[in-house]
Amino acid sequence: MQFPESWLREFCNPPLSTQQLAETLTMAGLEVEELRPVAPPFTKIVVGEIKETLQHPGADRLRVCQVDVGSGALLNIVCGAPNARVGIKVPCALVGAELPPGEDGKPFVIKVGKLRGVESQGMLCSARELQISDDHGGLLELPATAVVGRDIRRQLDLDDTLFTLKLTPNLAHCLSVYGVARELSALTGAPLKMPAFPPVPASHPDTLPVKVSAPDLCGRFSGRIVRNVNIKAATPQWMVDRLARCGQRSVTALVDISNYVMFEFSRPTHIFDLDRIHGGLDVRWGRAGEQLKLLNGSTVTVDEKVGVIADDVQVESLAGIMGGDATAVSDDTRNVYVEAAFWWPRAVAGRSRRYNFSTEAGHRFERGVDPDQTLEHLERITRLIIDICGGEAGPVDDAYLNLPQPAPVTLRVARAAKVIGMPVTQAQCADALKRLGLPVVAGGGTLTVTPPSYRFDLQIEEDLIEEVARMVGYNNLPTTPPLAPITARVRPEARRSPFAVHRTLAALGYQETINFSFVEERWEQELAGNPHPIRLLNPISAQMSVMRSSLLGSLLQVLKFNLDRKAERVRIFEAGRVFLRDASVQSTDATVQGFDQPMRVAGLACGSVDRLQWGSKERATDFFDVKGDVEALLAPRRAAFEPAQHPALHPGRSARVLVNGEAIGFVGELHPRWRQGYNLAQVPVLFELALDAVLARDVPVFQPVARHQAVARDIAVIVPEAVTHAELIAAIHAGSTGLLREAALFDVYRPKQAGGDLREGEKSLAVRLTLNSDDATLADDQIEAQVQAIVRRLTSRFGARLRA
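In this text, all values refer to a predicted model and were calculated from it rather than measured experimentally. (Residues numbered from 1 in each chain as written. Predicted model: local features only at pLDDT ≥ 70, side-chain atom pairs only at ≥ 80, totals over all residues. Heavy atoms only, no water.)

A. Up close: helix α17 (residues 623–634). Taking 1.5 Å of rise per residue, the 12 residues of α17 would be expected to cover 16 Å, and the 17 Å separating its terminal C-alpha atoms lies within 8% of that figure. Turning to α17, its buried residues number three or more, namely F623, D625, V626, K627, D629, V630, L633 and L634. By the N-cap criterion, in which a side-chain oxygen at the helix start approaches the backbone nitrogen of a residue two or three places on, α17 is capped by D622, the distance to F624 being 3.2 Å. (Helix = DSSP H or I, 4+ residues; strand = E, 2+ residues; numbered from the N terminus. Expected span 1.5 Å × (residues − 1). Buried < 20%, exposed > 50% of the residue type's maximum accessible area, 1.4 Å probe, protein only. Polar contact = N/O pair within 3.5 Å; in protein donor to acceptor, adjacent residues only side chain to side chain.)

Structural data, given as structure tokens:
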């Protein structure tokens, strides 16, 4: 919220400098985000009055003006502004004046000079040249009451300071200049100027029929008719200036008056063109399919969850948010209906965001606006309309329906001292609350407060404790170091940290990515095989409408992004959470009922195995390269791989990853269908694993170093083509009698055509067996017996035979 300091000091003027005032507000929770002068520094610019204008003899667009600046002699100034004319008062920069710096960053110094042969003894200025607005359509015209020769900074109060507050949602009562002044009075003890709202007498008996059909939408509705207003009346300059310093441009007098009261007292109001209303008004919930063209030009469709103001024919306004175009005031407006209402915050909250816009009115109503002051603020806006636009006011129609009933809140003084962290007495707490204008009833060590109508944030004891802390001043709270013991959480030795997993993947050449948990619904259906993903109620975009159940889609998006920018080699990973439906999950501090949220780690490699180098030929990454990375990631635990199907992976080049017989993820090439869909020239290889399984590790167990020399024997067995490496190694270990230490495949032979020892459908696998004993050096007969036992096992299991 932005406002000028001068307006604030009209309500409360403590003996503090601008910086001290800002510090006081900030330390009370009203953070002053920015202090900015209304105008940048400049000198020797005064009010001047044009006494005479003559056409420049050498230029059609220039005029030679005689300007009175109060010095006794008229100044000869050449001006090209289209509105330069006799009788107007404008800012005049005298010789030697320094105007604010331009785009080059250097101040502009006014000197005596000649323009097309005519001497110019100064410069007449626009608002843009003074950098007080962006208007550069002509000279800045000053009011007729401006004093000739007076410094323009004093005339326009340009030494004022703009305050920009960053308010938290609980400080809705400070969304006005008066609200901030009320807080400032409580903080400093300076007197608060209480506003007066004298009633405007009715000049005619006319009223507009209003029916409130939804008391859960509107708790109070006040309004009155004002006839014969002059819609073309000019907004007073003081009001235009104040609105501009609040960041609001001037529109028309009626709109400006409505905005002015909103900034002054946080009371959004709406002014209808009375003659465009069909019959009476009905305050109700919308009906499915109803449409409304708003003042911002957009057309919205409402439903039963959106409050509206309708007449007998159509919807005329979004309740508490924005008026409609059909009943907007225009140049032909003569009679208006002024409305001031209390809208329930829960009935307004989130409605404007549904239509992708926000308004000052909605921002206030969804936080809470004082329901007890609708009548007073209606009198204020009526008085301003009559004073500025003329007209005759009718009687006020004020309907009470369903107002909030504040519940008393009790503060325990001992509890307040414990939460604040410093000793406070009951008298101190009572004084702080009374300074805020809160009614206090004292008890034995307690204070009970019934929140006033404008304080929607006071609901529990902690709210009152916060008010006491704010009045004490956050800067006055003691800085007490924590006394609680700090005990480091010791990670079990059988579990490594997530950072270790990140470092391992980085050492393998992968780069980490971080992606949204919101993904496109198509990814879930195609890449995760999830026909019923978890949908978002309010997605930030149509392409991010569901929660992901796999990390693969996010990695493919990053791959496509990099390939489109000519990246030739991409190796990326992500460790993140996925979201799955699981009826067995119950709600706890870290879980949500019905939803499982496990952590996973996934990686993708595409392009060459190595960076550009000279030691070996370039080769594309394949399944076995990434399989090796997975094994390195899980080491020292041994992973097993078995053929499996996955919606995102190649049906013949993918595998399920198992550790200790438990499936923990998948690895494989991208499915050809999705490779074609993503238009990928090279095949990416992906893996996705449960992070908990990756974090687990076997605790090292001491084993003595073998005292005897190991023996190696190589065997080549012929087996059917369907026999896998894993099955072969498992069978070898099963046939061992305890002497086998290791079995490693080192050769695979498939003849180009059947013949010799190998028949069609067979292959030869060569395995090196490492044998040893802890008791003694192995004898030849022991070695031979062990090898023969393994061969017999392979023969019985696969029908294998030794290759000659």
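There's more to say after this.
B. Structural context of the sheet that holds strand β34 (residues 599–606). Reading across the sheet, the seven strands line up as β27-β31-β34-β38-β37-β36-β35 and stay open at both edges, with mixed pairing between neighbours. Whereas interior strands pair on both sides, the edge strands pair on one side only; in this sheet they are β27 (511–512) and β35 (639–643). Bridge count between strand β31 (residues 570–577) and β34: eight bridges; the pairing is antiparallel. Directly across from G576, in β34, lies its bridge partner R600. (Pairing = 2+ DSSP bridges.)

C. Structural context of the packing of aromatic side chains. Tallied over the full model, the rule gives 14 aromatic pairs. Judged by centre distance (6.2 Å) and plane angle (15°), the ring pair of F516 and F518 falls under stacked. Residue F516 is classed as exposed on the basis of its relative accessible area, which comes to 53%. The exposure class of F518 is partly exposed, given its relative accessible area of 28%. Relative to F624, the ring of F623 has its centre 5.3 Å away and its plane inclined at 90°; by these criteria the two rings are edge-to-face. You can call F624 exposed: its relative accessible area is 60%. Here the aromatic residues F11, Y178, F197 and F265 are joined through ring pairs into a cluster of three or more. The cationic tip of R182 hangs over the ring face of Y454; the distance from NZ or CZ to the ring centre is 3.9 Å. The positively charged end of R346 is found above the aromatic ring belonging to W344, 4.6 Å away from the centroid. (Phe/Tyr/Trp six-rings, centres within 6.5 Å; stacked < 30°, edge-to-face > 60°. Lys NZ or Arg CZ within 6 Å of the ring centre and 35° of its normal.)

D. Representation of the pairing of strand β36 (residues 649–659) in the model. Pairing analysis gives five bridges linking β35 to β36, with the strands arranged antiparallel. By the bridge assignment, E642 is partnered in β36 with R656. With seven bridges connecting them, β36 and strand β37 (residues 662–670) associate as antiparallel partners. Bridge pairing links V659 to E662 in β37. Hairpin connection, β36 to β37: the antiparallel pair is bridged by two residues, and N660 has positive phi, about 55°.

E. Seen up close, the sheet that holds strand β2 (residues 31–37). Reading across the sheet, the three strands line up as β1-β11-β2 and stay open at both edges, with antiparallel pairing between neighbours. Pairing within the sheet leaves two strands with one partner each, and these edge strands are β1 (2–4) and β2. On average, each strand axis in the sheet is inclined to that of its neighbour by 25°, with strand direction left out of account. Note: β1 against strand β11 (residues 161–166), three bridges, orientation antiparallel. For Q2, the partnering residue across the bridge sits in β11 and is T164. Its contacts with the sheet put helix α2 (residues 18–27) on β2 and β11, and the angle it makes with β2 is roughly 160°. (Axes fitted to C-alpha atoms, helices over the stretch in contact; angles between N-to-C directions. Contact = heavy atoms within 4.5 Å.)

F. Region of interest: the nonpolar core. L25, I385, C389 and L411 are the most contacted members of the largest nonpolar core, which has 74 residues in total. Top element by residues in this core is helix α6 (residues 253–265). It accounts for eight residues. Filtering out sequence-adjacent residues up to four positions away, L25 remains in contact with L30, E31, V32, F163, V180, L184 and L187. If you look at the next biggest cluster of nonpolar residues, it comprises 38 residues, including F272, V283, A319 and V369. (Core = buried A, V, L, I, M, F, W, Y, C linked by side-chain atoms within 4.5 Å.)

G. Region of interest: the pattern of salt bridges. Here the structure, examined in full by the defined rule, presents 45 salt bridges. The salt bridge involving R470 is made with E467; its shortest N-O contact spans 2.7 Å. Taken as a pair, R470 and E467 lie in helix α13 (residues 461–472) at a separation of three residues, close to a single helical turn. Classification of R470 as buried rests on a relative accessible area of 1%. Given a relative accessible area of 0%, E467 falls into the buried group. R548 is paired through a salt bridge with E574; the nearest N and O atoms lie 3.1 Å apart. Taken as a pair, R548 in the loop between β30 (546–547) and α16 (552–563) and E574 in strand β31 lie far apart in primary sequence, 26 residues in all. There is no split in this pair, since R548 and E574 are both buried. Three or more residues are tied together by salt bridges with common partners; here these are E183, R455, D457, E467 and R470. (Salt bridge = Lys/Arg side-chain N within 4 Å of Asp/Glu carboxyl O.)

H. Representation of the side chain of R267 within the structure. Relative to the helices and strands, R267 is located in the loop between α6 and β14 (270–273). Despite its burial, R267 remains without a salt bridge, the nearest opposite charge being carried by D370 at 5.4 Å. Those residues in contact with R267, other than ones at most four positions away along the chain, are V261, M262, A340, A341, V369, D370, P371, Q373, T374 and H377. (Lys, Arg positive; Asp, Glu negative; His and termini not counted.)

I. Layout of the pairing of β37. Note that β37 and strand β38 (residues 685–690) share five bridges and pair antiparallel. Across the sheet, residue E669 finds its bridge partner in β38, namely V685.

J. Spatial organisation of the packing of α6 against helix α10 (residues 374–389). α10 packs onto α6 with a crossing angle of 145° between their chain directions and a minimal axis gap of 10 Å. Considering only the axes of α6 and α10, their crossing is right-handed. Taken together, the residues of α10 that come into contact with α6 (itself represented by A253, L254, I257, S258, Y260, V261, E264 and F265) are H377, R380, I381, L384, I385, I388 and C389. When grouped by side-chain class, the residues that make up the contact of α6 with α10 number 11 nonpolar, two polar and two charged. (Left-handed = near helix turned anticlockwise from the far one by under 90°. Nonpolar A, V, L, I, M, F, W, Y, C, P; charged D, E, K, R; others polar.)

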